[in-house]
Amino acid sequence: MQFSKRLEPLRSNVFADMDRAKAKALAAGQDLIDLSLGSSDVPVANHIIDRIRDSLDDTTTHGYALFRNTKDFRDAAAHWYTQKYGVPVDPETEVLQLIGCQEGTGHLPLAILDPGDFALLQDPGYPSHAGGVYIAGGQIYPMTMLAENGFLPKFEEIPQAVLSQAKMMVLSYPHNPTTAIAPLSFFQEAVAFCQKNDLVLVHDFPYGDFVFPEGNAVNNDAIAPSILQADPQKTVSIEFFTFSKSYNMGGFRIGFTVGNPQLILALRQVKAAIDFNQYRGILNGAIAALTGPQELISYTVDTFRERRDVFVKALHDIGWDVPTPIATLYIWAKLPHPWTQDSIGFCAQLVQQTGVAVSPGVGFGKSGEGYVRFALVHPPEVLKVAVDRIAQFLQSHQP
C-alpha cells in the first residue's frame, strides 16, 4: 500500500514510544506509577453524572446531534464565558461545541492553512497543535520558549520571510508542559502582532482554573486571563475550552470554542464534513457542569495544590531542585546529569527500572530537551513512593 505523505511527520511519536516502554515494564512485573499523562483521577461531580444518566432514558437524545441540537449547550457556554471573563458572546455565531479541545485545535488548521503555509507554534508545546498543522499540509515555525524569558515567545525573533507565509499563531497559557503563565499585557501584545501581520490567533485554554494564587491578593482570572479579554471585539482570536480539567471529564470528550464568528463558521464547516457532534446526553452533563455548583473546581484545584507541594518538597529532599509552579497539574523539571540532553533515555530507563512513567521533554519540541514533565495524577502517598523510586534510580546512576 502507498500512504499519504502527510503521515510521515506523524509516524514518530515519543508518547507512543513511551506507551510501549510502559507496556514492557508491566510485562516485566513492574508496579506502574504513571505520571506521564495529565488525566485527572478526581471523580466527576454527582450532579453531572446524574444529568447524563437521566438523558439515557430520553430517546430524543439518541439521534444525531446537529448544530441546532447544541443550542442549549451553546447558550450555557456563552453565559458562562460572559460571566467569568466579562466579554459578551453570541451563542449563535461565536460558540461551537467540540469533541474535546484536541479535536478543535487539530481541525482548525484545515480551515486556515493551504499547503505550505506556516503556523507559528510554541516550542515546547502541546503535540496535537503540530499534528493538526501537518495534516493540513502546513509548515511549522517553532517559537522557542526559554526559562529566562518566562517561557514566553519573542515575537520580534520571527523572520519576516516566515511571517510573509504565515497564517496562524497558536498559544496556550497556563502552559503545558512548562506550567508558565502569561499576563494580559502579553496577550495584548500577541493580539496587536497578529492584527499587524494578518494572523489568526489561536489560544488553547485547558488550564484556566488550574492556578494556585498565594493568599487573597490575586484572583484566578488575573493569573490566567482569556485571550478575548485582550481582543474583546474578536478581531483575530479564537479560544478553546475543555471540561477535561476543571470538571474532570476527560473521557467524556467534551469542549467548546469561543471567538471570531468567521473562524467559528469555518471550523463548523470542517466539523460538518467529519462528525455529528457529541451525544446529547453528554452535552446535558456539560450544561449541568457550567450552570450547577462550582465547588468541585475549588476542591480539584486544592487537591492538585496539595499534590504539587508534596511532590516538590519530596524532590527537593532528594536533591532535585525544581520550581514550584503557579498553574497546571504538572511539574516541569530540568534533568540532572547524565541525562541533561537525553530526556527519552531518562524516561525509558526510569520506567523500566522503577515502574515510574514520566514524559520526556523532547516530546513537546526540540526546546523541551533536557526537561521532564511529571503529571500529578495520583494521591500524595503514591507521589511520595514515586519520588522514593526516583531517588533510588538517581543514586544507582551516580558516577
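Residues numbered from 1 in each chain as written. Predicted model: local features only at pLDDT ≥ 70, side-chain atom pairs only at ≥ 80, totals over all residues. Heavy atoms only, no water.

A.B. asks: Go over the pattern of salt bridges, please, and point to the residues and values.
C.D. replies: Opposite charge on two side chains permits them to pair, given that their charged atoms come into close proximity. Scanning all chains against the criterion turns up 15 salt bridges. Salt-bridge contacts for glutamate 94 lead to lysine 234; the nearest nitrogen and oxygen are separated by 3.4 Å. Taken together, the residues glutamate 94 in the loop between α3 (71-85) and β2 (95-98) and lysine 234 in the loop between α8 (220-223) and β7 (237-242) connect sequence positions 140 residues apart. A relative accessible area of 13% means that glutamate 94 is categorised as buried. Residues joined in a network through salt bridges with shared partners are Asp19, Lys22 and Asp34. (Salt bridge = Lys/Arg side-chain N within 4 Å of Asp/Glu carboxyl O. Helix = DSSP H or I, 4+ residues; strand = E, 2+ residues; numbered from the N terminus. Buried < 20%, exposed > 50% of the residue type's maximum accessible area, 1.4 Å probe, protein only.)

A.B. asks: Which residues make up helix α5 (residues 127-135), and what values do they have?
C.D. replies: The set of residues buried in α5 consists of Ser128, His129, Gly131, Gly132 and Val133. In the segment just after α5, glycine 137 is the residue with positive phi, at about 80°.

A.B. asks: Got a sec to walk through the side chain of aspartate 117? Specific residues and values, please.
C.D. replies: Relative to the helices and strands, aspartate 117 is located in the loop between α4 (101-112) and β3 (118-123). A distance of 2.8 Å separates a polar atom in the side chain of aspartate 117 from the backbone nitrogen of aspartate 114. Ignoring sequence-local partners within four residues, the contact set of aspartate 117 consists of Ile112, Gly138, Gln139, Gln165 and Lys167. (Polar contact = N/O pair within 3.5 Å; in protein donor to acceptor, adjacent residues only side chain to side chain. Contact = heavy atoms within 4.5 Å.)

A.B. asks: Tell me about the environment of lysine 384, and please be specific about residues and values.
C.D. replies: With respect to the helices and strands, lysine 384 occurs in helix α13 (residues 380-396). For the pair formed by lysine 384 and arginine 307, sequence separation is 77 residues and the distance between their alpha carbons is 9.7 Å.

A.B. asks: Account for the sheet that holds strand β11 (residues 359-360), naming residues and giving values.
C.D. replies: Spatially, three strands are ordered β9-β12-β11 in an open sheet, and the strand pairing comes out antiparallel. Every interior strand has two partners, whereas the edge strands, β9 (330-334) and β11, have only one. In this structure, β11 lies alongside strand β12 (residues 371-375), joined through two bridges in antiparallel fashion. Considered in β12, the bridge of proline 360 is made with valine 372. (Pairing = 2+ DSSP bridges.)

A.B. asks: Let's hear about helix α12 (residues 343-354): which residues, and what values?
C.D. replies: With twelve residues, α12 extends 16 Å from end C-alpha to end C-alpha; this agrees with the ideal 16 Å at 1.5 Å per step. When we look at burial in α12, the residues that qualify are Ser343, Gly345, Phe346, Cys347, Ala348, Leu350, Val351 and Thr354. Taken together, the buried residues of α12 touch α1 (14-27), β10 (356-357), β11, β12 and α13. Immediately downstream of α12, the backbone of glycine 355 shows phi near 85°, a positive value. (Expected span 1.5 Å × (residues − 1).)

A.B. asks: So what's going on with the packing of helix α2 (residues 46-56) against helix α10 (residues 280-291)? Which residues, and what values?
C.D. replies: Interhelical geometry of α2 versus α10 gives an angle of 150° and a closest axis separation of 8 Å. As the angle between them shows, α2 and α10 are arranged roughly antiparallel. Seen along the crossing, α2 lies across α10 with a hand that is right-handed. From α2, His47, Ile48, Arg51, Ile52 and Ser55 reach across to α10, where they touch Gly281, Ile282, Asn284, Gly285, Ile287, Ala288 and Ala289. Across the contact of α2 with α10, the residue classes tally to six nonpolar, five polar and one charged. (Axes fitted to C-alpha atoms, helices over the stretch in contact; angles between N-to-C directions. Parallel < 35°, antiparallel > 145°, perpendicular 65-115°, else oblique. Left-handed = near helix turned anticlockwise from the far one by under 90°. Nonpolar A, V, L, I, M, F, W, Y, C, P; charged D, E, K, R; others polar.)

A.B. asks: Any chance you could break down the packing of aromatic side chains for me, citing the residues and the numbers?
C.D. replies: In the structure shown here, the tally under the stated rule is 31 aromatic pairs. Arranged with centres 5.7 Å apart and planes meeting at 75°, the rings of tryptophan 320 and phenylalanine 374 form a pair that is edge-to-face. Pair noted here: tryptophan 320 is in the loop between α11 (295-317) and β9 and phenylalanine 374 is in strand β12, with a separation of 54 residues, a long-range link. Relative to phenylalanine 393, the ring of phenylalanine 346 lies with its centre 5.6 Å away and its plane at 80°, an arrangement referred to as edge-to-face. Within this pair, whereas phenylalanine 346 is found in helix α12, its partner phenylalanine 393 is found in helix α13, the two being separated by 47 residues in sequence. Across the pair, phenylalanine 393 and phenylalanine 346 agree in class, each one buried. An aromatic cluster is built from Phe73, Trp80, Tyr81, Tyr85, Phe205, Phe241, Phe243, Tyr247 and Phe256, whose rings are joined through pairwise contacts. It is arginine 74 that lies over the ring of phenylalanine 67; its NZ or CZ is 3.8 Å from the centre. (Phe/Tyr/Trp six-rings, centres within 6.5 Å; stacked < 30°, edge-to-face > 60°. Lys NZ or Arg CZ within 6 Å of the ring centre and 35° of its normal.)

A.B. asks: Run through the nonpolar core, naming residues and quoting values.
C.D. replies: If you look at the biggest cluster of nonpolar residues, it comprises 109 residues, and the most contacted ones within it are Leu120, Phe243, Trp320, Phe346 and Phe374. The dominant element in this core, judged by the number of residues it contributes, is α11, at eight residues. The contact partners of phenylalanine 243, leaving out residues within four places of it in the chain, are Phe73, Asn248, Met249, Ile254, Gly255, Phe256, Ala286, Ala289 and Leu290. If you look at the next biggest cluster of nonpolar residues, it comprises 20 residues, including Val170, Ile238, Phe240 and Ile264. (Core = buried A, V, L, I, M, F, W, Y, C linked by side-chain atoms within 4.5 Å.)

A.B. asks: So what's going on with the side chain of serine 36? Residues and values would help.
C.D. replies: Relative to the helices and strands, serine 36 resides in the loop between β1 (33-34) and α2. Among the polar contacts made by the side chain of serine 36, one reaches the side chain of lysine 22 at a distance of 2.9 Å. When neighbours within four sequence positions are excluded, serine 36 is seen to be in contact with Lys22, Ala357, Val358, Ser359, Arg373 and Ala375.

A.B. asks: Would you mind going over the sheet that holds β7 in detail, with residue names and values included?
C.D. replies: What the seven strands build is an open sheet, ordered β2-β8-β7-β6-β5-β3-β4; its pairing is mixed. Each having just a single partner strand, β2 and β4 (139-144) make up the two edges of the open sheet. Between one strand axis and the next, the sheet turns by 25° as a mean value, whatever way the strands run. Alignment of β3 against β4, held across six bridges, turns out to be parallel. Each residue of the ladder has a partner; that of glutamine 122, found in β4, is methionine 143.

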